[in-house]
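Okay, here's what each chain looks like letter by letter:
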Amino acid sequence: MRPSDRAAAQAPHASAVLAALWRDAALPALALDRIELTGRDPVMPSPFALGTALQAALGAAALASAELGRQRGAAAQTVNLDIADVVRESACRYTIDGRTPPIWDKFSGLYRCGSDVGQPGWVRLHTNFAHHRDGTLALLGLSPGPGTERASVAQALQRWSAEDFESAAAARGLVAAAVRTPQQWQAHPQAAAVAEQPLVGIDRIGEAPPRVTLKPLTDNELPLRGLRVLDLTRILAGPVAGRTLAAHGADVLLINSPHLPNIEAIADTSRGKLSAHIDLHTETGRDALRALVSECDVFLQGYRPGGLAALGFGHEDLARLRPGIVSVSLSAYGDQGPWRERRGFDSLVQSATGMSVTEADAFGSKEPRALPLQALDFGAGYLLAFGALAALLRQREGGGSWGVRVSLAGVGHWVRSLGRLAEGPAAKAPAFEGSFEETDSGFGRLVAVRHAVRFSHAQTGWARPSMPPGSHAPTWPARA
């Protein structure tokens, strides 16, 4: 029986899951005595141990932050993280000037398909960006733009099998996923490739002496104070990683292209960050990024595999530009296998890998069902932050430049390995009363969930308000 098929009365406690992450990253075991994880699954209506995964991932990042602070001369801090608090932070719950922004455009979502070709099935579309929407409509032979009706999309999809449409969309650089059962996914070659890759890959990508650019800390300072992080991500997982590092004191500089759109959640995920524009399709823009790289500690990017390398900012390029750098990359399906270059988002990876069918089966639904929160995005975000910090700890101890890799599909594989909760579907999501903070931002009055991590000495949180892309110059502030 595969771990993903196992039913359990309870999930393993998040402490055991965190300890496994910590050991896999080859970090000092004594630090595990300095974290307290309270509560346990189930805390969300799902057969998956979502709270356990999220608590372990964010807890690992927080403990690595505290360990870095200890290495910088601060007192050894203890870390506390409650499972309900991390679920709240991972629910993407926020308002701007009293308005709750929509999560999806009108074409995104689940569709029946294939009835006209005798291959009935389901497909999920992701069309939040206009170019993805219009490309999908063109593939279906429909008029581009928001004026087309959703019913027309549903009718056009009857002429396509789910996997044929998925493949045709991928060939055009669009994002769609056929809904598979867990068994169908296990038979797919990409499933084998995902299973062979580590959840958090940490590899030496170049030689460099240990770098001591961070100043010593006092006990009450946040452990990442003065750390410089370049954040070249747009959708949830990468921005959540940068936001997590910012909550622990890092200077995070978000870099956006002036020509690419963003989702409205940027108002929430940009808390604590500076936000600048750079056009990497110009030599001037590439020069500006090289200048920033030459003074940064962590480079975080969510381009599809090979995308930034083609512009001169692959792992090895960065190691030459900035010996000792930690280069962190996020992908949908990993950097091996036939889908290594395929685009994807949380909801699509859930669909393609059988999670939506498992979720539906647990509730007795014949229609595929999404997870109750975007756990792959948030889990990947916390693991990206953890991987970056684990690599920094290695760099300080033994030098080197380091590459860190996390994929959404890898996170899904990990979540499945934690087993299924027989009582999970009956669980109630935690209430949100008292968990919000209210601040002015460049997007309006923002009400969003406070950071879940509690350090014993320093107070976590975001010192900078979220601002629209291009609000700041592409330069570093003085090191704190």
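From a predicted model like this one, the values you see are computed outputs, not experimental measurements.

Draft legend 1. Just the sheet that holds strand β17 (residues 444-449), in detail. A sheet is described by the order of its strands in space; here three strands give the open sequence β4-β17-β16, paired in antiparallel fashion. Of all the strands in the sheet, the pair left with one neighbour each is β4 (94-96) and β16 (436-441). In this sheet, neighbouring strand axes are inclined to one another by 15° on average, regardless of whether the strands run parallel or antiparallel. Direction of pairing for β4 relative to β17: antiparallel, over a ladder of three bridges. Bridge assignment links Tyr94 to a residue of β17, and that residue is Ala448.

Draft legend 2. Spatial organisation of the layout of surface pockets. Volume-wise, the largest pocket comes out at about 970 Å³. When its volume is computed, the second largest pocket comes out at roughly 790 Å³. Mapped by element, the contributors of at least two residues to the lining of the second largest pocket are β4, β6 (121-125), α13 (346-352) and α15 (375-398). With three residues, α13 is the single largest residue contributor to the lining of the second largest pocket. Looking at the lining of the second largest pocket residue by residue, the classes come out as 20 nonpolar, 11 polar and six charged.

Draft legend 3. Structural view of the environment of Ala409. With respect to the helices, strands and loops of the structure, Ala409 is situated in helix α16 (residues 408-417). When the C-alpha atoms of Ala409 and Val194 are compared, they prove to be 6.8 Å apart, with 215 residues separating the residues in sequence. Excluding its chain neighbours within four sequence positions, the residues that come into contact with Ala409 are Val194, Ala332, Tyr333 and Val349.

Draft legend 4. Main features of the nonpolar core. Residues Val326, Leu383, Phe386, Val411 and Trp414 are the most contacted members of the largest nonpolar core, which totals 108 residues. Among the elements that line this core, the one with the most residues is α15, at 15 residues. Apart from the residues within four sequence positions on either side, Val326 is in contact with Asp297, Val298, Phe299, Ala388, Ala391, Leu392, Trp402 and Val404. Counting 19 residues, the second largest nonpolar core, distinct from the first, contains Phe107, Tyr111, Leu142 and Ala162.

The rules we used
- Residues numbered from 1 in each chain as written.
- Predicted model: local features only at pLDDT ≥ 70, side-chain atom pairs only at ≥ 80, totals over all residues.
- Heavy atoms only, no water.
- Pairing = 2+ DSSP bridges.
- Helix = DSSP H or I, 4+ residues; strand = E, 2+ residues; numbered from the N terminus.
- Axes fitted to C-alpha atoms, helices over the stretch in contact; angles between N-to-C directions.
- 1 Å grid on protein atoms, 1.4 Å probe; cavity = no way out; pocket = protein on both sides within 12 Å on 5 of 7 lines; lining within 4 Å.
- Points joined across faces, edges and corners; volume = space filled by probe spheres on them.
- Nonpolar A, V, L, I, M, F, W, Y, C, P; charged D, E, K, R; others polar.
- Contact = heavy atoms within 4.5 Å.
- Core = buried A, V, L, I, M, F, W, Y, C linked by side-chain atoms within 4.5 Å.
- Buried < 20%, exposed > 50% of the residue type's maximum accessible area, 1.4 Å probe, protein only.

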